[in-house]
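Structural characterization, general
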There are 2 protein chains.
Amino acid sequence: MMNIPTSNRPRVVIIGGGFGGLALAKKLKNKNFQVVLLDKHNYHTFQPLLYQVATGGLESGSIAYPIRKVVQDYDQIYFRMANVERIDTENKKVVSDIGTIFYDYVVIATGSKTNFFGNENITKNSMAMKTIPESLDIRSLVLENFEEALQTTDDKEQKALMNFVIVGAGPTGVELAGALAEMKRHVLPKDYPDLDFNKMEINVIQGANKVLDAMSEKSSKKAQEFLEKLGVKVYLGEIVTDYKDKVVYTKSGKEFTAETVIWTAGVMGAAVDGFDATVIQRGNRIKVNEFNQVEGFTDIFAIGDVATMMTEKTPMGHPMMAQPAIQQGELLASNLVRLRDGQSLKSFVYNDKGSMATIGRNKAVVDLPKFQFSGFFAWFVWMFVHLMSLIGFRNKLVVFWNWMYNYLMFDRQARLIIRPFKNKRDER
Amino acid sequence: MMNIPTSNRPRVVIIGGGFGGLALAKKLKNKNFQVVLLDKHNYHTFQPLLYQVATGGLESGSIAYPIRKVVQDYDQIYFRMANVERIDTENKKVVSDIGTIFYDYVVIATGSKTNFFGNENITKNSMAMKTIPESLDIRSLVLENFEEALQTTDDKEQKALMNFVIVGAGPTGVELAGALAEMKRHVLPKDYPDLDFNKMEINVIQGANKVLDAMSEKSSKKAQEFLEKLGVKVYLGEIVTDYKDKVVYTKSGKEFTAETVIWTAGVMGAAVDGFDATVIQRGNRIKVNEFNQVEGFTDIFAIGDVATMMTEKTPMGHPMMAQPAIQQGELLASNLVRLRDGQSLKSFVYNDKGSMATIGRNKAVVDLPKFQFSGFFAWFVWMFVHLMSLIGFRNKLVVFWNWMYNYLMFDRQARLIIRPFKNKRDER
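Please read all numbers here as calculations on a predicted model, not as lab measurements. (Residues numbered from 1 in each chain as written. Chains lettered and ligands numbered in written order. Predicted model: local features only at pLDDT ≥ 70, side-chain atom pairs only at ≥ 80, totals over all residues. Heavy atoms only, no water.)

All names here are of chain A. Pairing within the open sheet is parallel, and its five strands lie in the order β5-β2-β1-β9-β21. The strands lining the two open edges of the sheet, one partner per strand, are β5 (77-81) and β21 (300-302). Here the strands of the sheet are splayed against their neighbours by 15 degrees on average, with no regard to which way each runs. Looking at chain direction, strand β1 (residues 11-15) and strand β9 (residues 105-108) are connected through four bridges and run parallel. The residue of β9 that forms the bridge with Ile-14 is Val-107. Together, β1, β2 (34-39), β5 and β9 form the strand contacts of helix α1 (residues 19-27), whose direction differs from that of β1 by roughly 155 degrees. Across the sheet, helix α9 (residues 322-340) lies against β1, β9 and β21, angled at about 160 degrees from β9, the strand it touches most. (Pairing = 2+ DSSP bridges. Helix = DSSP H or I, 4+ residues; strand = E, 2+ residues; numbered from the N terminus. Axes fitted to C-alpha atoms, helices over the stretch in contact; angles between N-to-C directions. Contact = heavy atoms within 4.5 Å.)

If you want it as structure tokens, here you go:
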């Protein structure tokens, strides 16, 4: 049993302190619920900027925010660090590694995790970038590669150390490739004057026939142009089939010898156990109705990446990004009040505010519902929107200051190998 | 063999990029040496602020600085990440995990490491705080304890989780105790409103009969007063003899049941192998003459914590802190030039600029050679001196901003469990 006081208020258990879970928790403030918020970390991660942690542009603490601080002054809210194992829907309880807890309502807001599509070699040998520790591991590995490249006299080995393969050209893959390309241009040659940076390659391998598959044709073309201008090689319509003994293999027969492969080619819902197979849809997402109720339940909800709400407009569910999660979390707060008070629920309607990606300094693409733009202004908009979306004044200011510094000085100062990664990988 | 080009300049190998090693490397800029700088990390650590990383006041990247950035624009300087195993004095080479390298001159600037005085239980169960990863482990452990304390209903277990024993009341122990006490006052009760913070204890156990043993009687008294005002319990003249099954034992028979013991009670020189036992003095420090030459050699030097220069004024060697290391590094640079050019060397004379320690907001003590002061002004001086001593404009500004924020908001925002520590400890 979790050590949480009983209350005469109905209890809402929220699993996950990401964008959706936190938006919901905030809106439930002083709404006469007892709220129990669970997350495996004690901080919220601002995932859109993980790639900047991985490339030394930001420290990890600048994009993390203590969850307890968010909910500090709320009445009857209990945060617990816990790994949820399953939901016992029959007995209405959540089972976790720190004990079980009964719920009146439970909201699954567990987000998504990397999908390696069952390939064991890729799972074992490539790097994912969904969490802060994973980003820090990438940062260490990238820098360790260059330190090692200095010490080898074998040309082939040196090239493998300086070859970075990014699988997947969604926003994460594109932004990471761009950031690595800028490090190649402005930072690394100054740090490693003995290395020949013509040997450094950044290869992006994309399964679809365009980068930023979910964006407009125009933005997608522009993003590819930006990447190529920065020296990134983009391969479209290529499927990676394996990665072993430092070689990446593709379906069409291409091979890349690289020490580092970063896998951004797939995400899947981080669904929790306890449901029939029919509830779990494509991409391991949980099927919900227009009120985010999990199919077959009135007291169990799923929001954000882990939920798939299949409507006429969204036959595959909503895009797996922050905006749908936040909007669903906010609506659900008021729907929980309605449900408790016996009123009828409001349907979710996604307000698509657009999407964007940044490739490098002065280089970004923005899709608004009505029009698209790119270049310096898009880059400025991207920065402004991300800065404003960060939680907390301190984080905003620290990130702003780091961006100013990085921009003016062409620098990335967090290029620190705080915890070497290579030995750890060899051991796994 | 390390992969470093040969040169017609004499080669100086510097082992360690701490205060001494970096001061030396900087002064050797454009002095017609080939300089090879080795360190096991790719960054310089500003050790005096490690305790703020451990207590969530600063992010680790704010007190670390990439060594490659320091030496970027120097001519013929080669930095390598390496663990030095020994010095082969006969063949004039340094042996490391990335190969060997010949030297004309070698400087041992390896600093100090934690001294557990051979006690296995203490080595295994207590926490040291000499590196950034160690500070981050302490940060994780402290916060994990509170998360766990919420979940237990056993009063004794809860008290052990909330009991922090710091062994040693030198500057590190005192500053850490003060910072924990401020977290207890201003930060933790807001994060954990369900916990009774009367149960939280901070116990400082000091072997000597005063805290800050190396400082003046006045400062030492004042520091103890500050600590006690913050609720820290100080035990003087107590020797810790063991720590097992969560109990700390002292010589006089005292026992403390605590999940967390931080060991700041001893440091020893991080001497490298390759010397006769007679060269290694008390505290594992290497005996040097007034030119920092290792006894019996003219081409091997040791500076800073790892060196002990026994003069009439300093029969036990200089204090193990930044100032002697920096001053010895700077003098050695000019002595290396003199040595190469056949001139006579200059003796080292320590310029004691004083010492200081901070206990909490508006609470610090400063010993200058001529007089002592404490309180708000001392605290202000402490901040100013530390800020100015940080390398790099970005770090100065980020630390300054964090301090402003922490001071005004009574907050410590880096209270993030990025890498949980407890499981790791259980495995060791």
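From this point, things continue past the structure.
Quick look at helix α8 (residues 217-229) of chain A now. Because each turn of an α-helix spans 3.6 residues, side chains separated by three or four positions end up pointing in the same direction. Residue and element names in this part refer to chain A. Helix length check: α8 (13 residues) gives 18 Å between terminal C-alpha atoms against 18 Å at 1.5 Å per residue, within 8%. Where α8 is buried, its residues touch α7 (171-191), β13 (233-235), β23 (355-360), β24 (363-367) and β25 (372-374). A positive backbone phi angle near 95 degrees is found at Gly-231, which sits one or two residues after α8. (Expected span 1.5 Å × (residues − 1).)

Once that is clear, we can look at helix α10 (residues 376-389) of chain A. Residues and elements named next belong to chain A. Along its 14 residues, α10 runs 20 Å from first to last C-alpha, staying within 8% of the 20 Å computed at 1.5 Å per residue. Buried within α10 we find Ala-378, Trp-379, Val-381, Trp-382, Met-383, His-386 and Leu-387. Lining the buried residues of α10 we find α2 (50-54), α7, β23, β24, β25 and α11 (393-409). (Buried < 20%, exposed > 50% of the residue type's maximum accessible area, 1.4 Å probe, protein only.)

On to the UniProt feature "domain: FAD/NAD(P)-binding" (unreviewed entry) in chain A, then. UniProt records the feature "domain: FAD/NAD(P)-binding" (unreviewed entry) at residues 11-329 of chain A, using the numbering of this structure. With 29% helix and 27% strand, the stretch residues 11-329 of chain A has end C-alpha atoms that lie 16 Å from each other. (UniProt positions renumbered as here; feature names shortened; annotations may be inferred.)

Let's shift gears to the interface of chain B and chain A. With 50 residues of chain B in contact, the opposing surface of chain A contributes 50 residues. Contact between chain B and chain A buries roughly 4900 Å² in total, counting both sides, with carbon and sulfur atoms accounting for 52%. The three residues of chain B that bury the most area against chain A are Gln151(B), Arg394(B) and Arg419(B), which together make up 16% of that side's buried surface. The tally of links between chain B and chain A comes to 10 salt bridges. (Buried area = accessible area lost by both parts, 1.4 Å probe. Salt bridge = Lys/Arg side-chain N within 4 Å of Asp/Glu carboxyl O.)

Below, the discussion takes up the pairing of strand β7 (residues 93-96) of chain A. Residues and elements named next belong to chain A. Pairing of strand β6 (residues 84-88) with β7 involves four bridges; the strand directions are antiparallel. Residue pairing across strands places Val-84 opposite Ser-96, the latter belonging to β7. Counted between consecutive antiparallel strands, the loop separating β6 from β7 contains four residues, among which Lys-92 sits at a positive phi close to 50 degrees. By the bridge criterion, four bridges tie β7 to strand β8 (residues 99-102) in an arrangement that is antiparallel. Opposite Ser-96, over in β8, you have Gly-99 as the bridge partner. Joining the antiparallel neighbours β7 and β8 is a turn of two residues.

In this section: the UniProt feature "transmembrane region" (unreviewed entry) in chain A. The UniProt entry lists residues 371-393 of chain A under the feature "transmembrane region" (unreviewed entry), expressed in the numbering used here. With 65% helix and 13% strand, residues 371-393 of chain A has end C-alpha atoms that lie 31 Å from one another.

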